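Spelled out, the chains give:
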Amino acid sequence: MKAKEEKEAIDFKQQGIKPAWCPGCGNFLILKALQQALAELSLKPQQVVIVSGIGQAAKTPQYLNVHMFNGLHGRALPPATAIKACNPLLTVIAEGGDGDMYGEGGNHFLHTIRRNPDLTHLVHNNMVYGLTKGQASPTSNLGFKTPVQVEGVISEPINPIALAISLDVSFVARVFCGDLEKTVEIIKKAIRHPGYALVDIFQPCVTFNKVNTFKWFQEHTYYLQDHDMYDRNQAFLRATETEKLPLGIFYQNEKKKTFEQKLAVHKEQETPFLFRSINSKKLEELIKTRQF
Ligand SMILES: Cc1ncc(C[n+]2csc(CCOP(=O)(O)OP(=O)(O)O)c2C)c(N)n1
Ligand code: SF4
Ligand SMILES: [Mg+2]
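As the structure is a computational prediction, the values presented were derived from the model and not from experiment.

**Q** Would you mind showing me how to read the overall build of the chain here?
**A** Helix and strand counts for the chain come out as 11 helices and 8 strands. Here the C-alpha radius of gyration of the chain, 20 Å, is about what a compact globule of 292 residues would show, namely 19 Å. Of all 292 residues assigned to the chain, the portion counted as buried reaches 42%. Long-range contacts, defined as pairs at least 24 residues apart, comprise 69% of the intrachain contacts of the chain with a sequence gap of at least 6.

As structure tokens, this is what we get:
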């Protein structure tokens, strides 16, 4: 990273707050990658909003010098969609864990893909519920033993990449936070992508997941090569591989209109609501239609 960008990455650091994460947690790397990506995109802290729910991953925006909204467990995507719709000039990111986004927030995950708002969805996938001390999450593998699933997980894990492709997602990628450079590169591409962009980030939880460790992710992943990211069928096949898990951009569809572009309120003008003057005549007419 160049000296100027390094200085700008520091601008995104929340001064005086120490992350409440275990030493060695993969979340530190994701935080660093995000700071770096925002700086390399030459964004200013006041242009960025990060929305999160509950969990270890969902704490991330508290450690960044950006606008943030920290809401209910699993509910980051609806407010993120609304923020972008009200002010399309902002860079909006929804961030959280595998439990938060694919479990409690699974319904919102599906419908946000359908709506296609222009936002970036970062999911720290550690295959466990970290904050609540190690229960199985929707991405825990079969047989994964926890203090609750004492005999091992008996349900198949969700495959968020294949699920997203099945819904003709606008952009979907997977990275491993142990490769910082690649993580920064893909986060930048996701932020630049015009439409909903999911980045599933493999993130070791060093305290409650002793199976899917840094070493495990290194040994069980590889980078997609000679892959046509515009070919949906090929992307789906790669996404369903299980022996080794591919990393990189699986699928991209830039032809889709964004949620904001489809909204009637943005048809005549793209100005954020904040800067629009109130049309009292229209408002009065609307109120009248509601009076009985
Ligand atoms: C409605 C609701 N259900 C359950 C909880 C308890 N809870 C808090 S965080 C969490 C899981 C977090 O797991 P994940 O999203 O994977 O994040 P991680 O801590 O692993 O980063 C749960 C079940 C809650 N806070 N609210
Ligand atoms: S419990 Fe796991 S996810 Fe949470 S801070 Fe510790 S290592 Fe990270
Ligand atoms: Mg988790």
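Now that the structure is up, let's keep going.
**Q** Sorry, what's going on with the site of ligand 1 here?
**A** The immediate surroundings of ligand 1 are formed by 19 residues, with G55, G97, G99, D100 and G130 found nearest. Those elements that provide at least two residues to the shell around ligand 1 are β3 (91-97) and α4 (98-104). Split into classes, the residues belonging to the shell around ligand 1 amount to 5 nonpolar, 11 polar and 3 charged.

**Q** Mind showing me how you'd approach the packing of helix α3 (residues 77-86) against helix α5 (residues 106-115) here?
**A** Think of two packed helices as two axes; the pair is described by the angle between the axes and how far apart they sit. Relative orientation of the contacting elements α3 and α5 amounts to 25°, with a least axis distance of 10 Å. Between α3 and α5, the angle falls in the class roughly parallel. Together, L77, P78 and T81 of α3 and H108, F109, T112 and R115 of α5 make up the contact between the two elements.

**Q** Just checking my understanding: could you explain the nonpolar core for this structure?
**A** Nonpolar side chains in soluble globular proteins tend to end up buried together. Counting 56 residues, the largest nonpolar core has I165, V169, V172, A173, I187, V199 and F250 as the members making the most contacts within it. If one sorts the elements of this core by residue count, helix α2 (residues 27-40) sits on top with 7 residues. Discounting chain neighbours no more than four positions away, the residues touching V172 are I161, A164, I165, L198, F250 and Y251. Grouped together as the second largest cluster of nonpolar side chains are 8 residues, M127, L131, A136 and C205 included.

**Q** Explanation requested: unusual backbone geometry in the structure shown.
**A** A negative phi angle is the norm for most residues apart from glycine, just as the trans form is the norm for most peptide bonds. In this model, S42 sits at a positive phi of 60°, which is unusual for a non-glycine residue. With respect to the secondary-structure elements, S42 resides in the loop between α2 and β1 (48-52). Even without being a glycine, K133 presents a positive backbone phi close to 75°.

**Q** Honestly, the site of ligand 2 in this entry has me stumped. Any pointers?
**A** In the region of ligand 2, the neighbouring residues are W21, C22, C25, N27, Q56, N126, G130, C205, V206, T207 and F208. Of the residues that constitute the shell around ligand 2, the class distribution is 6 nonpolar, 5 polar and no charged.

**Q** Any chance you could explain the pairing of strand β4 (residues 120-125) here in plain terms?
**A** Along any regular strand the residues' side chains alternate between the sheet's two faces. In terms of burial, β4 is largely enclosed, as 6 of its 6 residues are buried. When β3 meets β4, the two strands line up parallel, connected through 5 bridges. By the bridge assignment for β4, G97 is matched with H124. Where β4 meets strand β6 (residues 197-202), 6 bridges bridge the pair, whose relative direction is parallel. Bridged to H124 within β6 is I201.

**Q** Could you clarify how one ought to interpret the sheet that holds β1 in this entry?
**A** Strand pairing within a sheet occurs via backbone hydrogen bonds; the two strands may be parallel or antiparallel. A sheet is described by the order of its strands in space; here 8 strands give the open sequence β2-β1-β3-β4-β6-β5-β8-β7, paired in mixed fashion. Two strands lie at the open edges of the sheet, namely β2 (67-70) and β7 (221-223), each paired on one side alone. Geometrically, the sheet is characterised by an average inter-axis angle of 25° between neighbouring strands, direction not taken into account.

**Q** Help me understand the packing of α2 against helix α7 (residues 180-192), please; the structure alone is not making it clear to me.
**A** At a minimum axis distance of 9 Å, the contact between α2 and α7 shows a crossing angle of 50°. The orientation of α2 relative to α7 falls into the category oblique. For the pair α2 and α7, the crossing hand works out as right-handed. Contact residues: L29, K32, A33, L34, Q36, A37 and E40 in α2; L180, T183, V184, I187, K188 and I191 in α7.

**Q** Can you help me understand the pairing of strand β5 (residues 171-176) in this one?
**A** Within β5, 6 of the 6 residues are buried, which leaves it mostly tucked inside the rest of the structure. Burial along β5 is two-sided: the residues F171, A173 and V175 and V172, R174 and F176 are all buried. Where β5 and β6 come together, 6 bridges link them in parallel fashion. For R174, the partnering residue across the bridge sits in β6 and is D200. Tracing the backbone out of β5, into α7 and back to the parallel element β6 gives a crossover that is right-handed. Of the strand pairs in this sheet, β5 and strand β8 (residues 245-252) are connected by 4 bridges, and their pairing is antiparallel. For V172, the partnering residue across the bridge sits in β8 and is Y251.

**Q** Would you explain α3 in this entry?
**A** At 3.6 residues per turn, the α-helix brings residues three or four places apart onto the same side. By the burial criterion, the buried members of α3 are L77, A80, T81, K84 and A85. On an axial view of α3, the arc spanned by its buried residues comes to 135°, and they lie on one face. Of the surrounding elements, those touching the buried residues of α3 are β1, β3, α5 and α10 (259-262).

Rules and cut-offs
Residues numbered from 1 in each chain as written. Chains lettered and ligands numbered in written order. Predicted model: local features only at pLDDT ≥ 70, side-chain atom pairs only at ≥ 80, totals over all residues. Helix = DSSP H or I, 4+ residues; strand = E, 2+ residues; numbered from the N terminus. Rg over C-alpha atoms; globule rule 2.2 N^0.38 Å. Buried ≥ 20, exposed ≤ 12 C-beta atoms within 10 Å, placed from the backbone. Contact = placed C-beta atoms within 7 Å. Near = placed C-beta within 6 Å. Nonpolar A, V, L, I, M, F, W, Y, C, P; charged D, E, K, R; others polar. Axes fitted to C-alpha atoms, helices over the stretch in contact; angles between N-to-C directions. Parallel < 35°, antiparallel > 145°, perpendicular 65-115°, else oblique. Core = buried A, V, L, I, M, F, W, Y, C linked by C-beta atoms within 7 Å. Pairing = 2+ DSSP bridges. Left-handed = near helix turned anticlockwise from the far one by under 90°. Right-handed = clockwise from strand over helix to strand, strands pointing away. Arc of directions from axis to C-beta.

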